[in-house]
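Here are the chains, one letter per residue:
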Amino acid sequence: MFKDFVDLSRRGSKAEKVLPFVGSKPTQPQLPAILVPEDRELQESLELKSRLHEVLLERLNLAAIDKVEPEELRREVSALVNDELRDSGKPLRAEEFRKLVSELMDEVLGLGPLEPLMADPTVNDILVNGHGNVFVERNGILERARARFRDERHLLRIIEKIVSRVGRRVDESSPWVDARLEDGSRVNAIIRPCAIDGPSLSIRKFARNPLTLARMVDIGTITEPAARFLKGLVEARMNILISGGTGSGKTTLLNAISAAIDDRSRIVTIEDAAELQLQQAHVVRLETRPPNPNGQGAVIQRDLVRNALRMRPDRIIVGEVRGAEAFDMLQAMNTGHDGSMTTIHANSARDALGRVEQMVTMIGLDLPLSAVRAQVASGIQIVLQVARLSDGSRRLLSISEITGLEGSVITMQDIFVFRRLGRTAEGGILGEFVPTGIRPHCAEALANAGVHFDPADFVARRS
């Protein structure tokens, strides 16, 4: 099989070069993850890796690589590298040799310098600010990573590899793009001329072990009564809005509570970049599409929400409402699609409702504010507020219930809230998720749906 993608030029065959960009030629080699050279030894290592990678680009046909088993590819790459090292008279120790082969494999098959970070389970986010600056987030705290790209062209080649796999593009006419990796990780890239200091790449890694309500209880994020209440809300088909800032864990919480949806429901999900991890069998996943190079063919979330209404869904889940699709989402919640859910960027539960109102006005209809608020109050029953705190931890801050409309004001009440208790010696925030003592207004609706709770779950604790 290897003969299909290795150029046997030493036997007289003609090489099919691998191009880092479509329609271009590799004018200089691309490097795997390296450290900034600080002495002659590191400089020599840099030059060696550069030359070896150039050899691989000359001999490998990437069009056939997907047909080859990784272990077979690794053996043959090792053989090629060994031959080159022997010819150059610069042998390496076994450990250095294995590391070099792994880095070259990452360049050929993966994301180059980012592959070790993608494989690191402690890394949540990868942030590339130009080819020489890579940062990661661990446990909510940003830190500089040792990996880097050789130059801007190297970083651009990795970005092109990511976006081309999902049928998207990034160039001067469309300098930013949202995409996703095969494992579901969310990617945003922006290049020149909008990125003044060079291409920027942000990767929000997809959790290999999705967070569940049971896990949230185990780690102390919420209590068992709160988890039971959330599970009951989903089972009783309450419409839920999850609010929070960037990176606060909105999608993670949405995934966690969606596990309570029964397998008999037909679910339609709508996202800009698919990242929801629903476990049910009957799920239809829809994704937006950017315009083509002629500026045509774009499919926005509102188009997909309106189309979803014709797909006989039991529940509609929108990854995040950002604009006029909020109006259609409210219409769905008010017209028989109970149990629908979505997320929104907002700093509090009250702000979230205000943002929904603003988005509805974006449709351009001359709707009175009272009518909009009536739609919001009747369509949404529960608002969950999440946040990333100053110590980097992500917390569910409140479970709030919309109780109706009094005059022109939407009335709400908190059922559970996060109460801060202080800080640890290391700066971590101490707190607990407690009931407020208010009996849920929807208790009767939950009981009618067959969901029952112990009244003690909602009794406020004495300080």
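It should be noted that the structure appears before, not after, this text.
Anyway, here's the lowdown on the structure attached to this text. Here the structure is a predicted model, which is why all the values come from computation and not from measurement.

**Considerations on the overall build of the protein chain**
Scanning the protein chain from terminus to terminus reveals 14 helices and 15 strands. Residues classed as buried in the protein chain amount to 48% of the 463 residues present. Taking the intrachain contacts of the protein chain between residues at least 6 apart in sequence as the baseline, contacts between residues at least 24 apart amount to 56%. Total accessible area on the protein chain stands at roughly 23,300 Å², and carbon and sulfur atoms take up 49% of it.

**Remarks on the pairing of strand 1 (residues 125-129)**
Walk down a regular strand and you will see the side chains alternate between the two sheet faces. The pairing of strand 1 with strand 2 (residues 134-138) spans 4 bridges and is classified as antiparallel. When the sheet's bridge partners are listed, Val128 is paired in strand 2 with Val134. Here strand 1 folds back onto strand 2 in antiparallel fashion, the turn holding 4 residues, of which Gly130 has a positive phi close to 80°. With 5 bridges connecting them, strand 1 and strand 6 (residues 200-204) associate as antiparallel partners. Bridging from a neighbouring strand, Asn129 pairs with Ser200 of strand 6.

**Description of the packing of aromatic side chains**
Counted by the stated rule, this structure contains 6 aromatic pairs. On the numbers, 6.0 Å between centres and 10° between planes, the contact of Phe416 with Phe433 is stacked. Taken together, the residues Phe416 in strand 14 (residues 409-423) and Phe433 in strand 15 (residues 429-435) connect sequence positions 17 residues apart. Of the residues examined, Phe416 reaches a relative accessible area of 0% and is grouped as buried. Cluster of aromatic residues (ring-pair linked, three or more members): Phe229, Phe416, Phe433, Phe453 and Phe458.

**What about helix 4 (residues 94-109)?**
Each α-helix turn comprises 3.6 residues. Residues three or four places apart therefore point the same way. Compared with an ideal rise of 1.5 Å per residue, which puts 16 residues at 22 Å, helix 4 spans 22 Å between its outermost C-alpha atoms and is within 8% of the ideal. Taken as a whole, helix 4 has its buried residues at Phe97, Leu100, Val101, Glu103, Leu104, Met105, Glu107 and Val108.

**Section: the sheet that holds strand 7 (residues 240-244)**
If you walk across this open sheet you meet the 9 strands as 9-8-10-11-7-12-13-14-15, and the pairing is mixed. Taken across any chain shown, the strands that pair with only one partner, and hence form the sheet edges, are strand 9 (283-287) and strand 15. Averaged over all neighbouring strand pairs, the angle between strand axes comes to 25°, with direction disregarded. Here strand 7 pairs with strand 11 (residues 341-345) via 5 bridges, running parallel. Residue pairing across strands places Ile242 opposite Thr343, the latter belonging to strand 11. Relative to strand 8 (residues 267-271), helix 10 (residues 301-308) is tilted by about 170°, and along the sheet it contacts strand 8, strand 9 and strand 10 (315-318).

**A closer look at the environment of Ile316**
Within the secondary structure, Ile316 is located in strand 10. Take Ile316: its relative accessible area is 0%, and that puts it in the buried class. Once the C-alpha coordinates of Ile316 and Asp338 are considered, the two residues, 22 residues apart in sequence, prove to be 8.6 Å apart. The residues touching Ile316, leaving out its near neighbours within four places in the chain, are Val268, Ile270, Ala308, Leu309, Met329, Ala332, His337, Ser340 and Met341.

**Digging into the pattern of salt bridges**
Scanning all chains against the criterion turns up 22 salt bridges. Between Arg388 and Glu137 there is a salt bridge, and its shortest N-O distance comes to 2.7 Å. Here Arg388, found in strand 12 (residues 382-388), pairs with Glu137, found in strand 2; they are 251 residues apart in sequence, far enough to count as distant. Judged by relative accessible area, which is 38%, Arg388 ranks as partly exposed. Across the salt bridge formed by Asp328 and Arg302, the nearest N and O atoms sit 2.5 Å from each other. On the criterion of sequence distance, the pair formed by Asp328 in helix 11 (residues 325-334) and Arg302 in helix 10 is long-range, its members being 26 residues apart. A single burial state applies to Asp328 and to Arg302, both of which are buried. Residues participating in the shared-partner salt-bridge network are Asp120, Arg138 and Glu143.

**Points about the nonpolar core**
In summary, soluble globular proteins display a tendency toward joint burial of nonpolar side chains. Core analysis: the biggest nonpolar cluster contains 41 residues, and Ile222, Ile257, Leu384 and Ile399 have the highest contact counts within it. Secondary-structure elements contributing two or more residues to this core are helix 7 (213-218), helix 8 (224-235), strand 7, helix 9 (250-258), strand 12, strand 13 (394-406), strand 14 and strand 15. Non-local contacts of Leu384, meaning those with residues more than four positions away in its chain, are made with Leu230, Ile240, Leu241, Ile242, Ser243, Leu253, Ile257, Leu396, Ser398 and Ile399. Of all hydrophobic cores here, the second largest spans 34 residues; its members include Val305, Ala352, Val383 and Ile410.

**Some details on the side chain of His337**
With respect to the helices and strands, the residue His337 is situated in the loop between helix 11 and strand 11. Setting aside chain neighbours within four positions, we find His337 in contact with Asn239, Leu309, Pro313, Asp314, Ile316 and Ala332.

**Remarks on the sheet that holds strand 5 (residues 186-190)**
Judged by pairing direction, the sheet is antiparallel, and its 6 strands sit side by side in the order 3-2-1-6-5-4 without closing on themselves. The open sheet terminates on both sides in strands that have one partner only, identified here as strand 3 (141-144) and strand 4 (176-180). Adjacent strand axes in the sheet meet at a mean angle of 15° when their direction is disregarded. Sheet strands touched by helix 6 (residues 152-165): strand 1, strand 4, strand 5 and strand 6. Its angle to strand 6, the strand with the most contacts, is close to 45°.

**Quick word on unusual backbone geometry**
Omega for the bond connecting Arg192 with Pro193 falls within 30 degrees of zero, at 10°, which places this linkage in the cis form. Here Pro193 lies in the loop between strand 5 and strand 6. Backbone geometry at Asn139 places phi at a positive 55°, although glycine is not the residue there. A positive phi angle, near 55°, is found at Arg312, a position not held by glycine. The residue Arg312 is located in the loop between helix 10 and strand 10 in this model.

**Description of the packing of helix 3 (residues 70-88) against helix 4**
A packed helix pair is summarised by two numbers, namely the angle formed by the two axes and the spacing between the axes. The contact between helix 3 and helix 4 brings their axes to 10 Å, and the two run at 120°. Of the possible angle classes, the one that applies to helix 3 and helix 4 is oblique. Seen from above, helix 3 lies across helix 4 with right-handed handedness. Facing helix 3, whose interface residues are Pro70, Leu73, Arg74, Val77, Ser78, Val81, Asn82 and Leu85, helix 4 presents Phe97, Leu100, Val101, Ser102, Leu104, Met105 and Leu109. Among the residues making up the contact of helix 3 with helix 4, the classes are represented as 11 nonpolar, 3 polar and 1 charged.

Rules behind the numbers
Residues numbered from 1 in each chain as written. Predicted model: local features only at pLDDT ≥ 70, side-chain atom pairs only at ≥ 80, totals over all residues. Heavy atoms only, no water. Helix = DSSP H or I, 4+ residues; strand = E, 2+ residues; numbered from the N terminus. Buried < 20%, exposed > 50% of the residue type's maximum accessible area, 1.4 Å probe, protein only. Contact = heavy atoms within 4.5 Å. Areas by Shrake-Rupley, 256 points an atom, 1.4 Å probe, with all protein chains shown as cover. Pairing = 2+ DSSP bridges. Phe/Tyr/Trp six-rings, centres within 6.5 Å; stacked < 30°, edge-to-face > 60°. Expected span 1.5 Å × (residues − 1). Axes fitted to C-alpha atoms, helices over the stretch in contact; angles between N-to-C directions. Salt bridge = Lys/Arg side-chain N within 4 Å of Asp/Glu carboxyl O. Core = buried A, V, L, I, M, F, W, Y, C linked by side-chain atoms within 4.5 Å. Parallel < 35°, antiparallel > 145°, perpendicular 65-115°, else oblique. Left-handed = near helix turned anticlockwise from the far one by under 90°. Nonpolar A, V, L, I, M, F, W, Y, C, P; charged D, E, K, R; others polar.

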